[in-house]
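Structure assessment
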Amino acid sequence: MLETLQGIARRWQRTRPLLLLGAVLALAAALRVLLTSSTQAGDIFLIPSLLLFLWCLMLHAFLSLFAHVPPRPVAALPWRRRMLANSRRAFHYLFLLMFALLSLGLLLASWQLAGAWRMMY
């Protein structure tokens, strides 16, 4: 599983700067809306820019976290090194679980915010 995610993350490494740029631009757009808008009609781009910011950051974190996964320990290693390698892989599995839960939460929040945005505008 970790090797598959590592392959995906390495394949998409070139998009990391674009995701970071997208996150910065989306945050700048959200801040501009907050600072310059005085009516609800002027807030039309606030929810989409916040969602774009969060998704760009989430994808950037995925690419950064899973680009370098520790290899599986081989049986020829001493037991201390095998335990260290297994613990590093266990932390990556823990990060995978946390990342999946955060992605699910962001997906639900995006769904709710998109529905509210459609109702308001």
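Scroll up to find the structure this text is about.
Because the structure is predicted, anything quoted here is derived from the model rather than measured.

**Observations regarding the overall build of the protein chain**
Along its length, the protein chain carries 4 helices and 0 strands. When the helices and strands of the protein chain are read in sequence order from the N terminus, they spell out α-α-α-α. For the protein chain, whose C-alpha radius of gyration is 19 Å, the value lies well above the compact-globule estimate of 14 Å for 121 residues. Considering only C-alpha atoms, the protein chain reaches an extent of 65 × 25 × 20 Å along its principal axes.

**Notes on the environment of Arg89**
By secondary structure assignment, the location of Arg89 is in helix 4 (residues 79–120). C-alpha of Arg89 to C-alpha of Val69: the two residues are 20 residues apart in sequence and 7.4 Å apart in space. With sequence-adjacent residues up to four places away left out, Arg89 is seen in contact with Leu2, Glu3, Val69, Pro70, Pro71, Arg72 and Pro73.

**Topic: a nonpolar patch on the surface**
Taken together, the side chains of Phe91, Leu94, Leu97, Met98 and Leu101 define a hydrophobic patch exposed on the protein surface, amounting to about 490 Å² of accessible area. Structurally, Leu94 is set in helix 4.

**Side note on the side chain of His92**
Locating His92 in the fold gives a position in helix 4. In this structure His92 comes out as buried when scored by relative accessible area, which is 11%. Not counting chain neighbours up to four residues away, the residues in contact with His92 comprise Leu2, Leu65, Phe66, His68, Val69 and Pro70.

**Some remarks on the side chain of Ser37**
For Ser37, the location among the structural elements is in the loop between helix 2 (16–36) and helix 3 (46–65). A distance of 2.9 Å separates a polar side-chain atom of Ser37 from the backbone oxygen of Thr39. What Ser37 contacts, discounting residues up to four positions off in sequence, is Arg32, Gly42 and Asp43.

**Focus on the nonpolar core**
Formed by 17 residues in total, the largest nonpolar core has its most connected members in Leu5, Ala9, Phe62, Leu63 and Phe66. Mapped by element, the contributors of at least two residues to this core are helix 1 (2–11), helix 2, helix 3 and helix 4. The biggest single contributor to this core is helix 3, with 5 residues. Beyond its immediate chain neighbours, meaning those up to four positions away, Phe66 contacts Leu2, Leu5, Gln6, Ala9, His92, Phe95 and Leu96.

Scoring rules and cut-offs
- Residues numbered from 1 in each chain as written.
- Predicted model: local features only at pLDDT ≥ 70, side-chain atom pairs only at ≥ 80, totals over all residues.
- Heavy atoms only, no water.
- Helix = DSSP H or I, 4+ residues; strand = E, 2+ residues; numbered from the N terminus.
- Rg over C-alpha atoms; globule rule 2.2 N^0.38 Å.
- Contact = heavy atoms within 4.5 Å.
- Patch = residues over 30% accessible without salt bridge, like charges linked within 9 Å, V, L, I, M, F, W, Y side chains within 5 Å.
- Areas by Shrake-Rupley, 256 points an atom, 1.4 Å probe, with all protein chains shown as cover.
- Salt bridge = Lys/Arg side-chain N within 4 Å of Asp/Glu carboxyl O.
- Buried < 20%, exposed > 50% of the residue type's maximum accessible area, 1.4 Å probe, protein only.
- Polar contact = N/O pair within 3.5 Å; in protein donor to acceptor, adjacent residues only side chain to side chain.
- Core = buried A, V, L, I, M, F, W, Y, C linked by side-chain atoms within 4.5 Å.

This is a description of form; function is not addressed.
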